[in-house]
Amino acid sequence: MCLSIFLLWLVSIPLFAHSSPAPRGFLIDCGASEESSSGSLKYILDDGFISVGNKTAIKTPNVLPELTTLRYFPDKSARKYCYVIPVIKGGKYLVKTTYFYGGFDGGKEPPVFDQIVDGTKWSPVNTTEDYANGLSSYYEIYVAALGKTLSICLARTEHTVSDPFISVLEVEYLDDSVYNTNDFKKHALSTVARSSFGDSEDIIRYPDDEFNRFWQPFMSENPVVKSQSKVDTSDFWNLPPANAFATAITTSRGKTLKVQWPPVSLPSSIYYISLYFQDNRSPSPYSWRVFDVSINGKKFYSELNVTTSGVTVYATQWPLSGQTEISLTPGDGIPVGPLINAGEVLQILPLAGRTLTRDVMAMEELARSLNNPPSDWNGDPCLPQQHSWTGVTCSRGKLARVITLNLTNAGLSGSLPPSISNLTALKNLWLGGNELSGTIPKMASLKALQTLHLENNKFEGSLPESLGQLPNLREILLQNNKLNGSIPDALQDKNGINLQVSPGNDWSESR
Ligand SMILES: *[C@@H]1O[C@H](CO)[C@@H](O)[C@H](O)[C@H]1NC(C)=O
Ligand SMILES: *[C@@H]1O[C@H](CO)[C@@H](O)[C@H](O)[C@H]1NC(C)=O
Ligand SMILES: *[C@@H]1O[C@H](CO)[C@@H](O)[C@H](O)[C@H]1NC(C)=O
Ligand SMILES: *[C@@H]1O[C@H](CO)[C@@H](O)[C@H](O)[C@H]1NC(C)=O
Ligand SMILES: *[C@@H]1O[C@H](CO)[C@@H](O)[C@H](O)[C@H]1NC(C)=O
Ligand SMILES: *[C@@H]1O[C@H](CO)[C@@H](O)[C@H](O)[C@H]1NC(C)=O
């Protein structure tokens, strides 16, 4: 369960001076035929990152340039539709997806579907309510790259009626310090709320925020104060934009400031919370803003001494459920009321595990060796469990392994690469009834292999001797190929083996 945070599509984008370097990564305008710009951000085409789906444009007037096109996915047989983005292994990334339906398919309601990041189901995408209100929806997640690519996929669910689609995909490299208390090997962080308190202006984003994170204005019935001095945020771990400290909400001296924030009811889960404070007054050696911070009545931080240089306090794992209330209670005799400038709440999302890298590489090599692999052969081959590649069945456990590969009668052409011998957990290899050609590679290391069906293809050349040495092999179907040479003696002599090698083939050299 994750929440989306919402963005007005009719915002005006001022032309910023280039004060921040452009975000490092990819800003992708999905379905676009030419590059687009929003303010000083440039969005590139998505063609190099995905091989499935169709492009289209929407007719809604006055939308942000990057929302005017989208890519949609009509193929109902695919288990997922994946963007694959090159990344730095071990790097930490912000992934942001934006959806604006725009009635692209002539329908009235946007589809509801899932989004997946690598092997983990990230969240459902339901833009119905935003769309009814004329808004786009965006979702944000922070993940570590476990390999050299990161996949972001959409998938149908039982609730998906029309075709899933996506308008914008952003993948940005983050500084080490950002959210670095999270164990990214085990958890991703999914953004629930990021707010600038007492701010009635537009969303704070790039270039104020170098990662183009969005800080939404949040107002309450409390008084607003403006800061008299600018905070230098360069040594704050999460690198918040300096403007996030420009305003705050406060209350009068001696009173507790209570804020219902985030302004939505949260699913019961564990969250990362970071709160930002700055004394808005001119520096003074005589009076300090000191107060206790509590969340839902539980002490979060005692006697926080907020100075004009700003301060952040955070919790790495904090349980929340339903409406959240933040209370700021001044210490005894403190002459000024408490205040708060900004906050972030991110849900901690356990990763679903991953597939053994050697298996992933072998499967990707196989995909490249086929002329027409199934359209969902992108992203993680095994995970999430309901969204493995078509024809691929995997073991469960911390590291998933490929145990069955079954593309019988799938209309495949191409060849079987030597890398297949790296799928050492493989039990069943069924590729009968295709147009596969080339030789049968060595399989000496497939010690778990039980059944091998390569019948009714165009394989040629001789059989690897090593097939006779596979201890668990009990069924081997090779009829109707163009094989020749001899059948290994060890195979012919094996007890109880189901061996079918003809018709077809030329075994004239066999004993
Ligand atoms: C979508 O694209 C595929 C191939 O890329 C094409 O065969 C199909 O006709 C397209 N569908 C539509 C509705 O344009
Ligand atoms: C999507 O959101 C709408 C509006 O909030 C809701 O009525 C609908 O039930 C949701 N659909 C699904 C499948 O969750
Ligand atoms: C608050 O911090 C300032 C500057 O570090 C210090 O001078 C002051 O004594 C502190 N006040 C309290 C009440 O802790
Ligand atoms: C492979 O798929 C076919 C149908 O396409 C099915 O009949 C067969 O049982 C499957 N074999 C394995 C090992 O799953
Ligand atoms: C098997 O995997 C290893 C380690 O990833 C790799 O070095 C080797 O080239 C692979 N073998 C084949 C035949 O692809
Ligand atoms: C087997 O067939 C291949 C071509 O398909 C040919 O090059 C080779 O000489 C043949 N070998 C034997 C032993 O017939």
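This one's a predicted model, so the numbers in the text were calculated from it and none came from an experiment.

The subject of this paragraph is the overall build of the protein. The helix and strand inventory of the protein stands at three helices and 38 strands. By principal-axis analysis of the C-alpha atoms, the protein measures approximately 100 × 50 × 40 Å. Taken across its 511 residues, the protein has 44% of its residues classed as buried. Put simply, 66% of the contacts in the protein that link residues at least 6 apart link residues at least 24 apart.

Our next topic: the pairing of strand β14 (residues 168–173). Note on strand geometry: in a regular strand, side chains alternate between the two faces of the sheet. With five of six residues buried, β14 lies mostly within the body of the structure. In this structure, strand β2 (residues 25–29) lies alongside β14, joined through five bridges in antiparallel fashion. By the bridge assignment, G25 is partnered in β14 with E172. Note that strand β8 (residues 92–99) and β14 share six bridges and pair antiparallel.

Take the sheet that holds strand β33 (residues 435–438) next. The four strands are arranged β31-β33-β35-β37 in an open sheet whose pairing can be described as parallel. Of all strands in the sheet, those bounded by a partner on one side alone are β31 (413–415) and β37 (482–483).

Before going further, it helps to examine the domain arrangement of the protein. Parsing the protein into structural domains produces domain 1 (5–174), domain 2 (194–350) and domain 3 (355–500). One C-alpha centre belongs to domain 1, the other to domain 3; they are set 36 Å apart. Counting from both sides, the interface comprises 16 residues of domain 1 and, opposite them, twelve residues of domain 3. Of all the secondary structure elements, the ones that give two or more residues to the side of domain 1 that touches domain 3 are β7 (81–86), β10 (120–126) and β12 (149–155). Element by element, the count of residues in the side of domain 1 that touches domain 3 is highest for β12, at three residues. In terms of residue class, the side of domain 1 that touches domain 3 is built from seven nonpolar, four polar and five charged.

Neighbouring ligand 3 are the residues W288, V290, N305 and T307. Class assignment for the residues of the shell around ligand 3 results in two nonpolar, two polar and no charged.

This part is about the sheet that holds strand β9 (residues 112–117). Hydrogen bonding along the main chain pairs the strands of a sheet, whether they run parallel or antiparallel. The strand order across the open sheet built from four strands is β7-β12-β9-β10, with neighbouring strands paired in antiparallel fashion. Two strands lie at the open edges of the sheet, namely β7 and β10, each paired on one side alone. Direction aside, the axes of adjacent strands within the sheet are offset by 20° on average. Relative to β12, β9 runs antiparallel, the two being bridged by four bridges.

Under the UniProt annotation, the feature "domain: Leucine-rich repeat-containing N-terminal plant-type" (unreviewed entry) is placed at residues 361–395. Helix makes up 26% of residues 361–395 and strand 9%, with an end-to-end C-alpha separation of 17 Å.

Take the environment of I334 next. By the element assignment, I334 lies in the loop between β24 (325–330) and β25 (339–340). Of the residues examined, I334 has 18 C-beta atoms within 10 Å and is grouped as partly exposed. Expressed as a C-alpha distance, the spacing of I334 and I270, which sit 64 residues apart in the sequence, is 33 Å. Sequence-distant contacts of I334, defined by excluding residues within four places in its chain, comprise R289, V290 and F291.

Let us now look at helix α2 (residues 357–369). The α-helix winds at 3.6 residues per turn, so residues separated by three or four positions along the chain end up facing the same way. Between its first and last C-alpha, α2 extends 18 Å over 13 residues, near the 18 Å set by a 1.5 Å rise per residue. All of the buried residues in α2 are D359, V360, A362, M363 and L366. The arc that holds every buried residue of α2, seen down its axis, measures 165°, which confines them to one face. Each element contacted by the buried residues of α2 is listed here: β27 (354–355) and β30 (402–406).

The next subject is the site of ligand 6. Lining the immediate surroundings of ligand 6 are E460, G461, K482, N484, G485 and E509. Of the residues that constitute the shell around ligand 6, the class distribution is no nonpolar, three polar and three charged.

Another point: the nonpolar core. By size, the foremost hydrophobic cluster in this structure holds 87 residues, and its most contacted members are Y93, I141 and I340. Aside from chain neighbours lying at most four places away, what touches I340 is F197, A248, I249, V259, L275, F277 and L328. Core analysis: the next-biggest nonpolar cluster, separate from the first, contains 40 residues, V360, L429, L470 and L473 among them.

Our next topic: the pairing of β24. Across four bridges, strand β19 (residues 257–260) lies against β24 in antiparallel orientation. In the sheet register, V259 faces β24, and the bridge partner there is I326. Taken together, the five bridges between strand β21 (residues 289–295) and β24 define a ladder with antiparallel strand orientation. Among the inter-strand pairings, V293 is bridged to a residue of β24, identified as L328.

Trans is the prevailing form of peptide bonds, just as negative phi is the prevailing case for residues other than glycine. Cis geometry marks the peptide bond from Y206 to P207; its omega dihedral reads 5°. As for its position among the elements, P207 is in the loop between β15 (187–197) and β16 (216–218). Here L383 and P384 are connected by a cis peptide whose omega angle stands at -10°. In this structure, P384 sits in the loop between α2 and β28 (392–394). The residue N212 is not glycine, and still its phi comes out positive at about 60°. Mapped onto the elements of the fold, N212 is located in the loop between β15 and β16. Overall, N212 belongs to the buried group, with 22 C-beta atoms counted inside 10 Å. You will see that E303, though not glycine, has its phi angle at about 45°, which is positive. Structurally, E303 is set in strand β22 (residues 298–306).

Basis of the calculations
- Counting of residues starts from 1 at the beginning of each chain's written sequence and follows it residue by residue.
- Ligands are numbered from 1 and chains lettered from A, in the order in which they are written.
- At least 70 in pLDDT is required for a residue's local features to be given in this predicted model, at least 80 for side-chain atom pairs to be given and counted, and no such filter applies to totals for whole chains, interfaces and linings, which use all residues.
- Think of it this way: any DSSP run of H or I at least four residues long counts as a helix, any run of E at least two long counts as a strand, and we number them from the N terminus.
- Note on burial: count the other C-beta atoms lying within 10 Å of the residue's C-beta; 20 or more is buried, 12 or fewer is exposed, in between is partly exposed, and C-beta positions come from the backbone.
- Each residue is represented by a C-beta atom placed from its backbone, and any two residues with such atoms within 7 Å are regarded as in contact.
- Note: two strands are recorded as paired if DSSP finds a minimum of 2 bridges between them.
- As annotated, the domain borders come from an automatic or database domain assignment.
- Think of it as three bins: nonpolar holds Ala, Val, Leu, Ile, Met, Phe, Trp, Tyr, Cys and Pro, charged holds Asp, Glu, Lys and Arg, and polar takes everything else, Gly as well.
- We call a residue near a molecule or strand if the C-beta atom, set from the backbone, is within 6 Å of it.
- Axis definition: a line fitted to C-alpha atoms, limited for helices to the stretch in contact. Angles are taken between N-to-C directions and run from 0 to 180 degrees.
- UniProt positions are given in the numbering used here, feature names are shortened, and annotations may be inferred rather than shown by experiment.
- In this scheme, a helix's expected span is set at 1.5 Å multiplied by one less than its residue total.
- Taking the helix axis as origin, the arc is that swept by the directions to the C-beta atoms.
- For the purposes of this analysis, a nonpolar core is taken to be any set of buried Ala, Val, Leu, Ile, Met, Phe, Trp, Tyr and Cys residues that are connected through C-beta atoms within 7 Å.

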